[in-house]
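# Observations on the three-dimensional arrangement
Read off the chains here:
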Amino acid sequence: MTDASRHRPAPLPTPRGPLSAAVRAALLGGPAPTTVPEDAPAYGDDLQLALYTLYELHYRGFRDVPDTLEWDSALLACRAALEDRFLRALREDVPTTGTTATTALDELQVEPTADPDGTSVSFFLRDEGTLDQLREYAALRSLYHLKEADPHAWVIPRLHGRAKAGMVAVEFDEFGAGRPDEIHAELFADLMTDLKLETAYGHYVDAAPAEALAVVNMMSLFGLHRALRGALVGHFAAVEVTSSPGSRRLAEALRRVGAGPAAVRFYAEHVEADAVHEQVVRQDVVAGLLESEPELDADVVFGVRATTYLEDRLAARLLGAWRQGATALREP
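A short tour of the structure in this document, coming up.

Each value, and the rule that gives it
- Residues numbered from 1 in each chain as written.
- Predicted model: local features only at pLDDT ≥ 70, side-chain atom pairs only at ≥ 80, totals over all residues.
- Heavy atoms only, no water.
- Helix = DSSP H or I, 4+ residues; strand = E, 2+ residues; numbered from the N terminus.
- Contact = heavy atoms within 4.5 Å.
- Areas by Shrake-Rupley, 256 points an atom, 1.4 Å probe, with all protein chains shown as cover.
- Phe/Tyr/Trp six-rings, centres within 6.5 Å; stacked < 30°, edge-to-face > 60°.
- Buried < 20%, exposed > 50% of the residue type's maximum accessible area, 1.4 Å probe, protein only.
- Lys NZ or Arg CZ within 6 Å of the ring centre and 35° of its normal.
- Arc of directions from axis to C-beta.
- Salt bridge = Lys/Arg side-chain N within 4 Å of Asp/Glu carboxyl O.
- Axes fitted to C-alpha atoms, helices over the stretch in contact; angles between N-to-C directions.
- Parallel < 35°, antiparallel > 145°, perpendicular 65-115°, else oblique.
- Left-handed = near helix turned anticlockwise from the far one by under 90°.
- Nonpolar A, V, L, I, M, F, W, Y, C, P; charged D, E, K, R; others polar.

Counting its regular elements, the protein chain contains 14 helices and 0 strands. Projected onto its principal axes, the C-alpha positions of the protein chain cover 50 × 45 × 40 Å. Across the protein chain, contacts joining residues at least 24 apart in sequence account for 80% of those joining residues at least 6 apart. Approximately 14000 Å² of the protein chain is accessible, and the part contributed by carbon and sulfur atoms is 54%.

Below you can see the structure in the form of structure tokens.
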């Protein structure tokens, strides 16, 4: 696939229920849905796909959908109703009391040497994962990694001083430090090519279960709302704290199954880069934010804990399928 065709807008995803069908119809000229049914599960396929579809209007958009719909008032009202359901569920399921941002991040920084509970995807892939399972993992992660760091860029104008400087420094690295071939999204596309996966943006949306969509939607939810800037910083810090050791295990997994150098390089790059980013995020971004806005401490904790919660749900989906010899994808 040529570079130009890889970056063109994706086709609209296949609906998974009445909400996502109504959103698709609205993007093709119909009326936007005005309510969210009370029985629509907050973490379910239908709601998460509807929300993902509306969020993508702020990124690459969709084929045959006018760019002007990005700020359509009826679609924004629909998105707000979906976000409210998703955010309320997260706040109910993610505890934030009784701890601080520093403590929440310290807990993540304790790196296990084994996985006695059998709940870690990176340990599983390192020790026993197959090439097909690694390909499935890459396909699902492509929903984020082909736009890596984009959701986090939304928070930059909402920060100032030390927090803004630190965030920009990390994002500069994520975007290749001025070198287009070093942009992390491009490195992930190289990984996908190495694993013989389709690299077109959004190609694997229809194959992604709700658990994978929710992880990506959380980033957009936090990034697009100034009121959630603390949660976005907490999410970003959680990712950077856990990325380096997890990436090391995934690089080892890819070497073990005989993947090529481009596939290994993506995760090997993150081992070193994210070890540095972790310190910048903790010492400058988080500390700088809370120095100027200490009242956001609980929001940072919420971002940390929500990230762990949704990643754990995705891990349970992946490992539950793989241990039964089944695919974790909605379709092969």
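All chains considered together, the criterion is met by 6 aromatic pairs. Ring geometry for Y43 and Y309: centres 6.0 Å apart, planes at 55 degrees, overall tilted. Taken together, the residues span a long stretch of sequence, with Y43 in the loop between α2 (18-27) and α3 (45-55) and Y309 in helix α14 (residues 297-322) at a distance of 266 residues. Overall, the relative accessible area of 25% leaves Y309 in the partly exposed class. A centroid spacing of 5.0 Å and a plane angle of 75 degrees characterise the contact between F188 and F266, whose relative ring orientation is edge-to-face. Pair noted here: F188 is in helix α10 (residues 184-194) and F266 is in helix α13 (residues 261-292), with a separation of 78 residues, a long-range link. Like F266, F188 is buried. The ring of Y201 is capped by R60, whose NZ or CZ atom sits 4.1 Å from the centre of that ring. Here the basic side chain of R249 rests over the ring of F123, its NZ or CZ set 4.0 Å away from the ring centre.

Across the 11 residues of α10, 8 count as buried, placing the element largely inside the fold. Within the span of α10, buried status applies to H184, A185, E186, L187, F188, A189, L191 and M192. K196 lies just past α10 and shows a positive phi near 60 degrees.

All right, on to helix α5 (residues 101-109) then. All buried positions along α5 are accounted for by A101, A104 and L105. Taken down its axis, α5 places every buried residue within 90 degrees of arc, on the same side.

On to unusual backbone geometry, then. Phi at A177 takes a positive value of approximately 50 degrees, unusual for a residue other than glycine. The residue A177 is located in the loop between α9 (161-174) and α10 in this model. Located in the positive-phi region is K196, a residue other than glycine, with phi close to 60 degrees. Summarising the element assignment, K196 is placed in the loop between α10 and α11 (210-223). For K196, a relative accessible area of 71% corresponds to the exposed category.

If you trace the backbone, R249 turns up in helix α12 (residues 229-256). Setting aside chain neighbours within four positions, we find R249 in contact with E111, P112, S122, F123 and R126.

Attention now goes to the side chain of R79. For R79, the location among the structural elements is in helix α4 (residues 73-93). Beyond its immediate chain neighbours, meaning those up to four positions away, R79 contacts L51, L54, Y55, H58, L224 and H225.

Now for the environment of S243. Following the sequence through the fold, S243 ends up in helix α12. Along the primary structure S243 and S120 are separated by 123 residues, whereas in three dimensions their C-alpha atoms are 13 Å apart.

Per the counting criterion, the structure on display carries 15 salt bridges. Its salt-bridge partner being R88, residue D84 comes within 2.9 Å of it at the nearest N-O pair. Within this pair, D84 and its partner R88 are both found in helix α4, separated by 4 residues, close to a single helical turn. Residue classification places D84 among the partly exposed residues on the basis of a relative accessible area of 39%. One salt bridge in this structure joins E107 and R305, with 3.3 Å as the shortest N-O distance. Placement of E107 in helix α5 and of R305 in helix α14 is noted, with a sequence separation of 198 residues between them.

For the pair α9 and α12, interaxial distance at closest approach is 13 Å and the crossing angle is 55 degrees. In terms of axis orientation, α9 runs oblique to α12. By crossing handedness, the relation of α9 to α12 is classed as left-handed. For the pair α9 and α12, the contacting residues are M167, V170, E171 and E174 in the first and L232, F236 and E240 in the second. Tallied by class, the residues present in the contact of α9 with α12 amount to 4 nonpolar, no polar and 3 charged.

The next point concerns the packing of helix α7 (residues 131-145) against α11. In a pair of packed helices, the angle between the axes and the distance between the axes together describe the arrangement. Across the interface, α7 lies against α11 with an axial gap of 9 Å and an inter-helix angle of 15 degrees. Looking at the two axes, α7 sits roughly parallel to α11. Here the hand of the crossing between α7 and α11 comes out right-handed. Residues L140, R141, L143 and Y144 of α7 lie in contact with α11, whose contacting residues are A212, L213, V215, V216 and M219.

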